[in-house]
Structure formats: structure tokens, C-alpha cells
Amino acid sequence: MQFIENKASFKHYFSILKSKRPLNSYQTKTNCMRTPILCLLVYLPIYIYGQSYRDYLGAGHNEGITVTSSSQQTKPDWNEQATANNTINGSGLDARLLETSRFLAQSTFGTNLDYIKEVAEISFEDWIDNQITANSPSLQELTQSVYDQARSIFIANGGNPDDFNDPNWQYFMYAWWQANIKNEDLLRQKVALALSEIMVISRNSNLASYGIGLGDYYDVLKDNAFGNFRNLLKDIILHPMMGVYLSHYNNPRSFPDKNIHPDENFAREIMQLFTIGLYELNQNGSYVLDNEGNRIPTYDNDDIKEFAKIFTGLGPAAVEERFPDRQVKFGLGHWFARKDVPMTMYDDWHQPGEKQLLNNKIVPSGQSGMQDIEDAIDNLFNHNNTGPFIAIRLIQQMVKSNPSPAYVSRVSKAFNNTKGVRGDMKAVIKAILLDEEARSCSWVDNPSSGKLIEPMVRYFNVVRQIDLDNDNGIYWNITSNFYKATGQAPLSAPHVFNFFLPDYVPNADFNSAKLVGPEFEIHNSASSINYLNQVDLWTTTQWYDVLKTWGLELEGTPLNFEKLQYYAKDSEVLINQLDKLFTHGLLSDETRRIIIEAVDPIIKGNSQYDFTYFRVKMALYLIMVSPDYAILK
């Protein structure tokens, strides 16, 4: 017999009592989840006393209500109890938690469950506002600090100081990982990586020797992530690493008699890749068509030549201290120049005369070289294409590969004018992450929804979301094995077009559906198998380190399964924990069944390791190689 002294509906109350579980945690189903409804059944009889509710009882709607029962469920080796009050107090209702997990998958490189719970208590907009002001140390300074520390370790281990390399790309890589393990600036770092795959420079070039410069360039992206897009454009134009990479460092004016003409490389790429793209766009990202239904090019070869004239005369602003005999002058080889000081203008080497830019913009003769550059920046910044072009690229990096025209239009509007300001990146990022298409669960089953998570982000996820076995606080990581396996690491693209093209179409099915899948360009028979092997290595914690250095004899850092092993006593409880971290409530019934069938037979044996360790390894491996995880919905 059961008595409910309340006017709540019996039907509603019993609708939340579905099945028994060993923990006081269960998941409620929303239209964004594919998991079954899980909750707790407390043995009858139950007596509930409290205030009168006229709408519903349960799911936390329990003010003033006391629940008593004749018994409660306990299980050996568990700290939790299935108490009577948990039937109505909302404990274990995970909808908000899973919604938050999904939001953080779009806006960070991954967080642990405690952080997800913390963010779930506030609005997402408040979290973004907090992130905008979060402390964000300089990667340039950290790269130098890491290099100095590494050099000291090398010498202390008996190494010859003369044999220690200059601060090259590996020290930037160490610094990048150090900055992204215990950091506060989670959103800023996510946006910086997205920008690094749009405004590309790469250590996979003649920049490999300049770790300090790589760190400083990353600072430009990071520091402008919530600034104004115009400032970002100017900073990358003047950055010596970009100047060397796209060859407008020491780019001279014309000397026709010597057949010397301005280099056109940067002029082309700043239009095609950084600002306006190849074809005229409507504000919703669709192509503007001419009377014959053809796309309209945004620029032609004459426009490239005119912009090339603009980007002449830029050269070194300072010389590295270790070259005291070198003078700062136009033409100084980039090896000798500081890579963390913006290039300066040498007007004698700047192309004089009038220049005609896009939309009939005339740059008048007689201006200084920097005035010409300012005019060119304005010309591109104010172009109608820039808003939708950047909107699409950032949405693809953070949320989904195929945003709807309406989604692009809303983000373009934020770029074009937010409180009278054009190019406000804070407004753009908010518009991307808070848009109904990013937040609403109604989009989950739409074929256009989702994106393939690129391999290096999957790497970041496991390192950030699973505990690390590390006592020294050094999180340096060379990434060599992973880079060889997948071809990915920060600032390591094979060319200026990034690791993959934003409009890549994987196969005929995508083509028929008029969809793109950018990350599928690097998902092939080699990289996909290599990724599986990498996951197997990461989850073999007894002998494999997920973070490691090279040539320093430093102890590496493996994953630590200790906390997850507690949950591994019950396969479904373990899977629910991993679902919250990696699949955000979207783990399919099929994948769940496969994992349970693989995990349950792992029982106590004679191994020196607890059987729960092998359960965690198996479950984590299967989650991380599943399509439920690989596709972010």
C-alpha cells in the first residue's frame, strides 16, 4: 500500500519510476538524448508528506515534502544509498548536466565532471562572460620559460650546453600543452585554435626553428579572440611569422628593369582564406548568382596585383640579441630578425602611387606605406563577404559542418553590427554558441547536424577529461607519435589551406545531400586505423604516457583510472559516467550494448591489476572509437 498526501498526479509521479540502479544517479530522457530513462525504484510502501502541489510532484519539486519508506537499497562496496527521498528530490536527473557537457564540448577542449556540474549551475552566457575575463598567460613568454627550464634540466643531467637546440617548435609545443591542462581560459584557447586553422601559419615549413615566434603568433590569435576582427587582421598582417610564411616579409616594390615585382602570395591568401573567400556571398552564406545562375568571383588577378603593392616595404623591426653585429634594415634575413616584434614599414621599399582595391576603393598616391595598409584593412574588413565568411568558418570549427542559412545570417548580423560595433568577436562567439541551432536538441537528428571531431581535439579531450597521473606539474608533450599517426598538432598544418578544406565533400552521399564534411578529408584508411592504435596506447596506462618529452629524461604522464575504477564495479554506471564526459547523453542503445557485452565478462582474476582497471580501459577505448563520440552533435 502507498499513500501520497498531495494533489499531484499519480500518473506523473510513477512516470519517473522506471528501473532499478545501484546508485542514486539516473538519467532523464530529453529529445537530445538517446539513452533510456533511468531512475531509482524504492521498495514499497512509501509515505510522502508535505505541501500541496497542483502541477506535479518530483524532479526536484519537493519543497516541504518528507518521504519515508519501509526499506532502502544498499549494495556492497558502494558509498551511495537508494534512499526514499531520492524518488522526488531530483537527485540524478542529468538533463541539465548533459546539456552542459554538450555545450562545453563545443566551447572547450574538454572538462572533467566536476567542472561540468559547476557550469550547469549558471547560464551559458554568464559562463562565456566569465571566460572573456579569465586569466590567459602569454604563450610567447611560456615558450621562453619552458625552453629555459628544459635547458637547465638538460645541463643538470650532464648535457653539454652547446648541444642544446635553440627554442624551436618543440618548446612551443611543450608550452601549448602546459597552457592547456590546468588553465582557466578554456573558451579563449578553443577560439584561438579555431582561428589558427583559418589564418594558418605552420611549423611544417621554414618556421620550425622559431618556437618563440610560434608562441607569439598564437598570442595574437588568443589575445584577439574576444577583441575586434579588424585588430586581428592588422596584427596578423604585421606579424613576422606570417610575413615569412606567406612571403611579404622583405617584399620589395617594383624594379621593372630588374624584373622585380611585389610578391602576390599574401595578397591572394588574405582575400581567399582570411576574409572574403572566392565568391560573393549573401549574408546567410549562400552564393550571390548572376543572371545566368553563376557564382560571382570576389576578386581577379588584377585585384591580387593591386593588393600585392599594398603589402610591400614591411621588414624586420628588431634583431635577435645573439646577433649583435647585424643591423636592423630592410632585406635582413629572417633568421636574424626577432619573430615576436611586429614588422615595421620601410617606405623607401613600399610601392608608391595609387592602388585600386575592391568595390572601386581608391588608395590615393602619396600616402605612407602604413596608411596604405590601413586602407586595405578597411577595404577587406568592411566587405559584405567578411561577416558571413568568418561566421561559417568559426561555426564549422566549433559547432557543426553545415550550418543553416538562418544560423549563418544570425552570426553575420552579430559580426556586422552589435551595439554599433562591427567585428566584435565577443558578440560573434556568443552568437555562435548560444544560437538555437547550437543549443536546441531539435537539430540532433537532422542530417545536416554535427561535425566529425578532428583527431587532435579527440586527443585533447581524453587528456583533459580523464585524470592524469602527474606529481611534478610538468605537462609538456612533444606529440610526435600522434603527429606521425594523424598528421595533426597545433600550428602544424601541411599548408596554408589548413589540415582540411572547409568545403570538402567526402563522397557521393554527401554530394547528393548538398553537405560538406571538412574533417573527413584527413579521415582515411591510414589515419583512422592509426587513431584506433593511439587510443589503445592511451588506455594502456601501465606503460604508455599520453604526455611525454623528448631527450630530457623527464618522467612522462599516463592517464589515471583510479576514480573511474570505482564506477567500473557496475558496467552501466561506468558507461553513464563516460557518456556524461564524451557523448553528452547521446550514446546509442547499440553502442551501449556493445560496451556492456565487452565489459561485463571482465571479472576478478589473478592479474596484478584490479579487474576494474581493465573494465575502464575497455569501456573508454570503445567509447572513444565509437561514432557516437567521433561525431559531435
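Conventions adopted
Residues numbered from 1 in each chain as written. Predicted model: local features only at pLDDT ≥ 70, side-chain atom pairs only at ≥ 80, totals over all residues. Heavy atoms only, no water. Helix = DSSP H or I, 4+ residues; strand = E, 2+ residues; numbered from the N terminus. Polar contact = N/O pair within 3.5 Å; in protein donor to acceptor, adjacent residues only side chain to side chain. Contact = heavy atoms within 4.5 Å. Phe/Tyr/Trp six-rings, centres within 6.5 Å; stacked < 30°, edge-to-face > 60°. Buried < 20%, exposed > 50% of the residue type's maximum accessible area, 1.4 Å probe, protein only. Patch = residues over 30% accessible without salt bridge, like charges linked within 9 Å, V, L, I, M, F, W, Y side chains within 5 Å. Areas by Shrake-Rupley, 256 points an atom, 1.4 Å probe, with all protein chains shown as cover. Salt bridge = Lys/Arg side-chain N within 4 Å of Asp/Glu carboxyl O. Lys, Arg positive; Asp, Glu negative; His and termini not counted. Charge placed at Lys NZ, Arg CZ, Asp CG, Glu CD. 1 Å grid on protein atoms, 1.4 Å probe; cavity = no way out; pocket = protein on both sides within 12 Å on 5 of 7 lines; lining within 4 Å. Points joined across faces, edges and corners; volume = space filled by probe spheres on them. Nonpolar A, V, L, I, M, F, W, Y, C, P; charged D, E, K, R; others polar. Expected span 1.5 Å × (residues − 1).

With that out of the way, let us pick up the side chain of Asn470. Its place among the elements puts Asn470 in the loop between helix H18 (455-465) and helix H19 (480-486). Here the side chain of Asn470 touches Thr557 through a polar contact of 2.8 Å, side chain to side chain. Beyond its immediate chain neighbours, meaning those up to four positions away, Asn470 contacts Tyr475 and Thr557.

Here we take up the packing of aromatic side chains. Counted according to the given criterion, the structure contains 37 aromatic pairs. Consider the rings of Phe323 and Trp335, whose centres lie 6.4 Å apart with planes at 55 degrees: the pair is tilted. Residue Phe323 is located in the loop between strand E4 (314-315) and strand E5 (344-345), and its partner Trp335 is located in the loop between E4 and E5; the two are separated by 12 residues in the primary sequence. According to the relative accessible area criterion, Phe323 is buried, its value standing at 13%. Taking the relative accessible area as the measure of exposure, Trp335 reaches 36% and is therefore partly exposed. An angle of 85 degrees between the planes, with centres 5.1 Å apart, marks the rings of Tyr613 and Phe614 as edge-to-face. An aromatic cluster is defined as three or more aromatic residues linked by ring pairs; in this entry it consists of Phe109, Trp176, Trp177, Tyr459, Phe460, Phe482, Tyr531 and Trp538.

Right, let's get into a negative patch on the surface. Together, Asp469, Asp471, Glu555 and Glu562 make up a negatively charged patch on the protein surface. Note on placement: Asp469 falls in the loop between H18 and H19.

Right, let's get into unusual backbone geometry. Backbone geometry places Thr479, a non-glycine residue, at a positive phi of 65 degrees. With respect to the helices and strands, the residue Thr479 is situated in the loop between H18 and H19. Under the relative-accessibility criterion, Thr479 is labelled buried at 5%. The backbone of Glu553 sits at a positive phi, close to 55 degrees, despite the residue not being glycine. With respect to the helices, strands and loops of the structure, Glu553 is situated in the loop between helix H21 (525-538) and helix H22 (562-567).

Going through the model one piece at a time under the given rule, you end up with 10 cavities of 30 Å³ or more. Looking at the largest cavity, its volume works out to about 200 Å³. If you go around the largest cavity, you meet 19 residues; those closest to its centre are Ala105, Lys190, Ile453, Val457 and Leu632. Looking at the lining of the largest cavity, the elements that each hand over two or more residues are helix H2 (95-107), helix H7 (186-196), helix H14 (386-398), H18 and helix H23 (571-583). Of the residues that constitute the lining of the largest cavity, the class distribution is 10 nonpolar, 6 polar and 3 charged.

This paragraph deals with the environment of Tyr621. Mapping Tyr621 onto the fold places it in helix H25 (residues 611-624). Judged by relative accessible area, Tyr621 falls into the partly exposed class, the value being 22%. As a C-alpha pair, Tyr621 and Asn533 span 88 residues in sequence and 10.0 Å in three-dimensional space. Apart from residues lying up to four places away in sequence, Tyr621 is in contact with Leu532, Val535, Asp536 and Thr539.

Moving on, we get to the layout of surface pockets. Approximately 1,200 Å³ is the volume attributed to the largest pocket. Together, 42 residues line the largest pocket, and Tyr287, Ile392, Arg393, Pro502 and Asp503 are the ones closest to its centre. Among the secondary structure elements, those contributing two or more residues to the lining of the largest pocket are H14 and helix H15 (405-416). Across the lining of the largest pocket, the residue classes break down as 22 nonpolar, 14 polar and 6 charged.

Another point: the environment of Pro161. Checked against the element boundaries, Pro161 lands in the loop between helix H5 (139-156) and helix H6 (169-179). C-alpha of Pro161 to C-alpha of Arg151: the two residues are 10 residues apart in sequence and 7.6 Å apart in space. Apart from residues lying up to four places away in sequence, Pro161 is in contact with Arg151 and Ile155.

Bringing helix H8 (residues 211-223) into the picture now. Look at H8: 18 Å from first C-alpha to last across 13 residues, which is about the 18 Å you get at 1.5 Å a residue. In terms of burial, H8 is a largely internal element, 12 of the 13 residues being buried. Buried residues of H8: Gly211, Ile212, Gly213, Leu214, Gly215, Asp216, Tyr217, Tyr218, Asp219, Val220, Leu221 and Lys222, and no others. Buried positions along H8 lie against H5, H6, H7, helix H9 (229-238) and helix H10 (240-245).

The next point concerns the environment of Thr583. In this fold, Thr583 is placed in helix H23. With relative accessibility at 1%, the residue Thr583 sits in the buried group. Excluding anything up to four places from it in sequence, Thr583 contacts Leu578, Asp628 and Tyr629.

On inspection of all chains with the given rule, the structure shows 25 salt bridges. Between Arg230 and Asp378 there is a salt bridge; the shortest N-O distance is 2.7 Å. One end of the pair, Arg230, is in helix H9; the other, Asp378, is in helix H13 (residues 369-381), with 148 residues separating them in the sequence. Assessed through its relative accessible area of 17%, Arg230 is described here as buried. Under the relative-accessibility criterion, Asp378 is labelled partly exposed at 29%. Here Lys305 makes a salt bridge to Glu264, at a shortest N to O gap of 3.1 Å. Placement of the pair is Lys305 in helix H12 (residues 301-310) and Glu264 in the loop between H10 and helix H11 (265-272), with a sequence separation of 41 residues. Each of Arg230, Lys234, Glu374 and Asp378 takes part in one network of salt bridges that share partners.

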